[in-house]
Structures are given as C-alpha cells and as structure tokens.
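A structural walkthrough
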Amino acid sequence: MTSCCDLPSRISLNHHLYSSGVPDKLRHLINDIARAGKYVHHAIRSSDLGLAGSENQFGEEQLKLDLLSNKIIKEELCESRLVHGYASEEEAVFQELVPDAPFTVVFDPLDGSSLVDCNLAIGSIFGVYKKGDVVGRKPSDQLAALYLVYGPRTILVYSAGKGVHAFFLNEVGEFVLLQRNLTMRDEVKTYSPGNLRAVKDTPAYRKMMNHWLDEAHTLRYSGGMVPDIHHMLIKGAGIFTNIGGSKYPKGKLRLVFECGPFAYIMEQAGGAASNGHKAIMDIKIEEVDQRTPLIIGAKSEVKRVSEVLNV
Ligand code: AHG
Ligand code: MN
Ligand code: MN
C-alpha cells in the first residue's frame, strides 16, 4: 500500500535523498549544507555590498560577502554535529570541528566574488569526504558533491553517486525538485574558455580557441565557473576550460574546492573532467589549495582539448 509519504505533491530535497537511498547521516549533512546555502542566499540578497572592514548604514562593521559566506557555512557545519573537519577556500588549511563525527566537508563559500558588484550569478561549491584531512586523497574519494547557483533563482544541484539532480529554492524556503538525472550528451554547442589571457604564452590554447571559432560554436562565458558549468549541465552539452599560462601556470582553479566537486558531478552526469593528462578525479591532493588546469564537459571534447594542448 502506498502512503502519502511515497507520492508527495512536490519532491523536497530531503524526500529525494531518502527515496534515492542516500544513507541517513549523509542525507542529514546534505540537508545541513542546503540550509547553509539558504543563509548565503539571504546574505547575498540583503547585504549592502560594502567592503570588508567598512561600516553598513547602521554603523556596524561588515564583512565582504565571501568572508560572510565562509562564516555562515562554518557555523552551519558546526551546528550539524556531523562534520569532523572542513577545509575552505578562504582558509586553505584543514580545520577540525567534532572529533568523532563522520565527514569532512571542503568548500568554496562564494565562487565568483568579483562578479558580486556587477550582479552576475555566483555560487557555492561543496565536496564531502569521509572524516580526516583530504591531503593524500583524491577527488574520487568524495561521497557526494553539490553546488548552489545564486542567479535570478537559487538552484541547488547535488550528486551522491546516483545521478545529478537539481532543485530550486521556493518562496517558502524549501528546495524542491526541478530536474532529475541531468545528463551530458557527447556534444558541444557552447564553449567557455577561462583564463583566456593564457593564449598569449600557451600557443596550443590559442589553437584550441581557433578551432572553436572556426566551428562556429556559441561562446558562453560569464566569468563564474558555477553558472558556466551549470549552463552545460542544464543544456546537456558544452566544454569549459581553465588552462595555465605565465600568470597562472596551472590555471586559476583549485583542485579541492572547485575542480574536484565539479569533476564528481560531471562524471555522474556522463561527462568528463581532466587536467589534460589525467582525470581530475584521480589527481592526488598534495596540498589543500593546489591549483590544476581544468577541461570539463562533453567526453570526446575533453579528450580532443587534451590532445590539442599536449601536442
Ligand atoms: P573566486 O571568486 O572563488 O576567486 O573564483 C572565480 C573563478 C571562477 O569562478 C572563474 O571561472 C574564474 O575565476 C574566472 O577567471 P578568468 O576571468 O580569469 O577567466
Ligand atoms: Mn572560487
Ligand atoms: Mn571563493
């Protein structure tokens, strides 16, 4: 006999997690991270965008949004009681919270902080590991990964190893299922070439850029990896790159906080993520804030870009 629990009129994030068989503790953690995301969403919409150390209209000192988001997320992870430790892009060292708790959470609290003043879409990125420092492990050790994109609507996308699923934050403050099983086709319609200044001293990157121009693909680049990769996952096609050059020899993006979680999600959606030589998922983490080139999106195109860059 089915009960009203089996067929709700809307599918909440929590319902989706338990009906997909995500283990209880991990389900609770993902719900806790989602709650942190709601507070970041609120901070983005309500803060008056002052600089760190400046005062708001009430004479209170305020934090820049990336530092404020970091503080919000830390407090929520602490309250969760499920987090042994965390590493944040804003702190870049492993911090212990609850010694006997089961999980480590890595996160970029606010990706795209330079886009805040222009009111472009920004995001938060999370990866979940078993407890302990992440140094010596690989992104393939993640148990789950998720991100929130704060655009005209706030959307959360998660994977806990059973596909990739998107939820939107409704007016009541609940994440409700928007689209299940986001899937990448092996197809490129759009390209998102990051750290493009690198074409100056990385001729192979210029060559790749010329291929995309000659093939008349559509440029989709906002300058925020969260909305740019989210775009590919929703359309089910595309390629995003952030390649090294003299200014950023390994590109701008970080393995632990940015590339690792997106590699997990992209592979779950049927796409690929590589540094040009090996899968991002298989790169050993040597230090918490290590950078890596990133080629992510449709499988064959990730392979083609890697080949062009390595010639
Ligand atoms: P953050 O705001 O956390 O420092 O990261 C911004 C990143 C990423 O979102 C984006 O893809 C990249 O910086 C953009 O770099 P370029 O504009 O140099 O391509
Ligand atoms: Mn970032
Ligand atoms: Mn950041």
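The rules behind these values
Residues numbered from 1 in each chain as written. Chains lettered and ligands numbered in written order. Predicted model: local features only at pLDDT ≥ 70, side-chain atom pairs only at ≥ 80, totals over all residues. Heavy atoms only, no water. Donors = N, O, S within 2.8 Å, 3.2 Å for Na, K, Ca; no water. Helix = DSSP H or I, 4+ residues; strand = E, 2+ residues; numbered from the N terminus. Buried < 20%, exposed > 50% of the residue type's maximum accessible area, 1.4 Å probe, protein only. Domains from an automatic or database assignment. Contact = heavy atoms within 4.5 Å. Buried area = accessible area lost by both parts, 1.4 Å probe. Salt bridge = Lys/Arg side-chain N within 4 Å of Asp/Glu carboxyl O.

Here we take up the coordination of the manganese ion (ligand 2). Each protein donor to the manganese ion (ligand 2) is listed here as Asp 108 (OD), Asp 111 (OD) and Glu 258 (OE); together their distances run 1.9 to 2.2 Å. Counting gaps between the donor residues of the manganese ion (ligand 2) yields the pattern D-x2-D-x146-E. Here the manganese ion (ligand 2) and the manganese ion (ligand 3) are spaced 3.5 Å apart, with Asp 108 acting as a shared donor. On the criterion of sequence distance, the pair formed by Asp 108 in strand E3 (residues 103-111) and Glu 258 in helix H6 (residues 255-268) is long-range, its members being 150 residues apart. Neither Asp 108 nor Glu 258 differs from the other in exposure class; each is buried.

The domains assigned to the chain are domain 1 (13-179) and domain 2 (190-309). Computed from C-alpha coordinates alone, the two centres of domain 1 and domain 2 are separated by 22 Å. Opposite the 42 residues of domain 1 that make contact, domain 2 presents 31 residues. For the domain 1 and domain 2 pair, buried surface summed over both sides reaches about 2,700 Å², with 70% attributable to carbon and sulfur atoms. Looking only at domain 1, the three residues that lose the most surface to domain 2 are Ile 125, Pro 139 and Tyr 147, adding up to 20% of its buried area. For the interface between domain 1 and domain 2, the tally reads zero salt bridges.

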